[in-house]
Amino acid sequence: QKEVEQDPGPLSVPEGAIVSLNCTYSNSAFQYFMWYRQYSRKGPELLMYTYSSGNKEDGRFTAQVDKSSKYISLFIRDSQPSDSATYLCAMSPGPSGTYKYIFGTGTRLKVLA
Amino acid sequence: DAGITQSPRHKVTETGTPVTLRCHQTENHRYMYWYRQDPGHGLRLIHYSYGVKDTDKGEVSDGYSVSRSKTEDFLLTLESATSSQTSVYFCAISGQDQETQYFGPGTRLLVL
């Protein structure tokens, strides 16, 4: 079993829909949780970063962490065709410099105009 | 792109040849990383560096070596390339707060 599990998709939604992307993990030591967006043939781009539990909002994006269920989510409101990309979750027990990130395999999202 | 460049961006090489990929940063960050990305595996850490001349192995380090003689440059060498090393290679740097990583544009390597 992988430490971080992520549904590969593709997930297809109509423009304007609310999108929910999720990752589950097995290591209860994870404290830092990240979401990256990766466009085709580009490098991952940091979207959201959350420490420990709770919600964090940034514009149309909300990151949610439920440590009791070992489950993290990224919500995208009013989705746009430009949101079509692969979304990677990443997590670690501590700060990046000292601890290694563990990545999910990514969920491919298609937002249809 | 967080001041990270990678070169070359694309490379085709033959089995058995050595290959060196370069990562250059303009952010003066202490930590640098090399990952490979393959379908079904996500991003996997090859090697990382926590300072000039200070490096350590990641989870998939066999067949790879690294060097860091300057803060801004982190080199990844495939000592004798194999077809299993065909992949997309990403360099990352860790922000000053050490809580986030920023990625370069990637190098696509094809080993024939």
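Residues numbered from 1 in each chain as written. Chains lettered and ligands numbered in written order. Predicted model: local features only at pLDDT ≥ 70, side-chain atom pairs only at ≥ 80, totals over all residues. Heavy atoms only, no water.

This part is about the sheet that holds strand 7 (residues 64-70) of chain B. Residues and elements named next belong to chain B. Spatially, 1-3-8-7 is the arrangement adopted by the four strands of the open sheet, whose pairing is antiparallel. The open sheet is flanked by strand 1 (4-7) and strand 7, the only strands paired with a single partner. Recorded for the sheet is a direction-independent mean angle of 20 degrees between the axes of neighbouring strands. The pairing of strand 1 with strand 3 (residues 19-25) spans four bridges and is antiparallel. (Pairing = 2+ DSSP bridges. Helix = DSSP H or I, 4+ residues; strand = E, 2+ residues; numbered from the N terminus. Axes fitted to C-alpha atoms, helices over the stretch in contact; angles between N-to-C directions.)

On to the packing of aromatic side chains. The full count for this structure, using the stated rule, is 16 aromatic pairs over all chains. Arranged with centres 5.9 Å apart and planes meeting at 80 degrees, the rings of A:Phe103 and B:Phe103 form a pair that is edge-to-face. Placement of the pair is A:Phe103 in strand 10 (residues 102-103) and B:Phe103 in strand 10 (residues 101-103), with the two residues belonging to separate chains. The class of A:Phe103 is buried, set by a relative accessible area of 7%. Under the relative-accessibility criterion, B:Phe103 is labelled buried at 4%. Within the aromatic cluster, the residues linked to one another by ring pairs are A:Tyr36, A:Tyr101, A:Phe103, B:Tyr33, B:Tyr35, B:Tyr48, B:Tyr50, B:Phe90 and B:Phe103. (Phe/Tyr/Trp six-rings, centres within 6.5 Å; stacked < 30°, edge-to-face > 60°. Buried < 20%, exposed > 50% of the residue type's maximum accessible area, 1.4 Å probe, protein only.)

Residues B:Val12, B:Leu110 and B:Leu112 make up a contiguous nonpolar surface patch of roughly 290 Å² in combined accessible area. Examined against the element boundaries, B:Leu110 turns out to sit in strand 11 (residues 107-111). (Patch = residues over 30% accessible without salt bridge, like charges linked within 9 Å, V, L, I, M, F, W, Y side chains within 5 Å. Areas by Shrake-Rupley, 256 points an atom, 1.4 Å probe, with all protein chains shown as cover. Salt bridge = Lys/Arg side-chain N within 4 Å of Asp/Glu carboxyl O.)

Further remarks concern the state of the cysteines. Disulfide: a covalent bond formed between the sulfur atoms of two cysteine residues. Residue and element names in this part refer to chain B. Per the counting criterion, the structure on display carries two disulfides over all chains. Disulfide pairing is shown between Cys 23 and Cys 91; the S-S distance is 1.9 Å. Judged by the sign of its S-S torsion, about -70 degrees, the bond between Cys 23 and Cys 91 is left-handed. Note that Cys 23 is positioned in strand 3 and Cys 91 in strand 9 (residues 87-94), a separation of 68 residues in sequence. Overall, the relative accessible area of 0% leaves Cys 91 in the buried class. (Disulfide = S-S within 2.5 Å.)

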